[in-house]
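Close look at the chain arrangement
Given next are the chains, with one letter for each unit.
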Amino acid sequence: MKICMYGSGSKKTPKEYTDVGYKLGAEIAKKGHSLVFGGGNDGMMGAVASGAFDNGGEIIAISPYWLKEFDDKFKNYSQSIETSSMDERKKLFLEKSDVFVICPGGFGTLDELFEVLTLKNLHRHSKNIILFNINHFYDDLISILGEMHDDGLIREGALNIFDVATTVEEVFQLIY
């Protein structure tokens, strides 16, 4: 299975998140899955990729050629795909992945999350989406989505198109 991980690429990502990210990557590899990710060397991206690499996992990095202006690239990938835009990158994430695990992150992570949620809600894919709520990172987002649903801004049943996990073990229970 190809597991796409969305998450922070920031050098300032707290260790409490990256430690769990490393464990996630290690489990992806140990269970014989492949990691698909944005190619960054830092933050959640680097932690998950390092965990996968250190445990013999296949790693597919997808990033715009110009992203190196902002982030260091993870070097130990099995395959690297360069794109010309973030849109092309997100399209390839969707095409090349079987499941999405959304770790703590910033603007880019939220953009990727809402893209896969919107497309699933519009029946453009049926892949699992798991919001990895490490240390309650996504509690406020989950709350506001609930409010949006209660106010009628989100279609009935739309909150059922993703799952929430708080541990690496729960992530893999939801994948299977």
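Residues numbered from 1 in each chain as written. Predicted model: local features only at pLDDT ≥ 70, side-chain atom pairs only at ≥ 80, totals over all residues. Heavy atoms only, no water.

Side note on the sheet that holds strand β3 (residues 58–64)
Spatially, seven strands are ordered β4-β3-β2-β1-β5-β6-β7 in an open sheet, and the strand pairing comes out parallel. The sheet terminates laterally at β4 (79–83) and β7 (163–165), the two strands that pair on one side only. Each neighbouring strand pair of the sheet contributes to a mean axis angle of 25°, computed without reference to strand direction. Sheet analysis places β3 next to β4, joined by five bridges and oriented parallel. From the neighbouring strand, serine 63 faces β4, where its bridge partner is glutamate 82. The strands that helix α3 (residues 86–96) touches are β1 (2–6), β2 (34–37), β3, β4 and β5 (99–102); relative to β3, the one it contacts most, it runs at about 155°. (Pairing = 2+ DSSP bridges. Helix = DSSP H or I, 4+ residues; strand = E, 2+ residues; numbered from the N terminus. Axes fitted to C-alpha atoms, helices over the stretch in contact; angles between N-to-C directions. Contact = heavy atoms within 4.5 Å.)

Here we look at the nonpolar core
Counting residues in hydrophobic clusters, the biggest one holds 27 residues, and the most contacted among them are Leu24, Leu35, Phe37, Phe132 and Val171. Going through the elements one at a time, β1, α1 (15–30), β2, α2 (43–54), β3, β5, β6 (128–132) and α6 (168–175) are the ones with two or more residues in this core. Examining the composition of this core, we find that five residues originate from one element, α2, more than from any other. Sequence-distant contacts of phenylalanine 37, that is, excluding residues within four places in its chain, are made with Met5, Met45, Ala49, Ile59, Ile60, Ala61, Ile62, Phe74 and Phe93. If you look at the next biggest cluster of nonpolar residues, it comprises 23 residues, including Ile81, Leu94, Phe100 and Ala158. (Core = buried A, V, L, I, M, F, W, Y, C linked by side-chain atoms within 4.5 Å. Buried < 20%, exposed > 50% of the residue type's maximum accessible area, 1.4 Å probe, protein only.)

Let's talk about the environment of glutamine 79
Locating glutamine 79 in the fold gives a position in strand β4. In this structure glutamine 79 comes out as partly exposed when scored by relative accessible area, which is 34%. With 47 residues separating them along the chain, glutamine 79 and glycine 32 place their C-alpha atoms 16 Å apart. Leaving out residues up to four positions away in the same chain, glutamine 79 has contacts with Ile59, Ile60 and Ala61.

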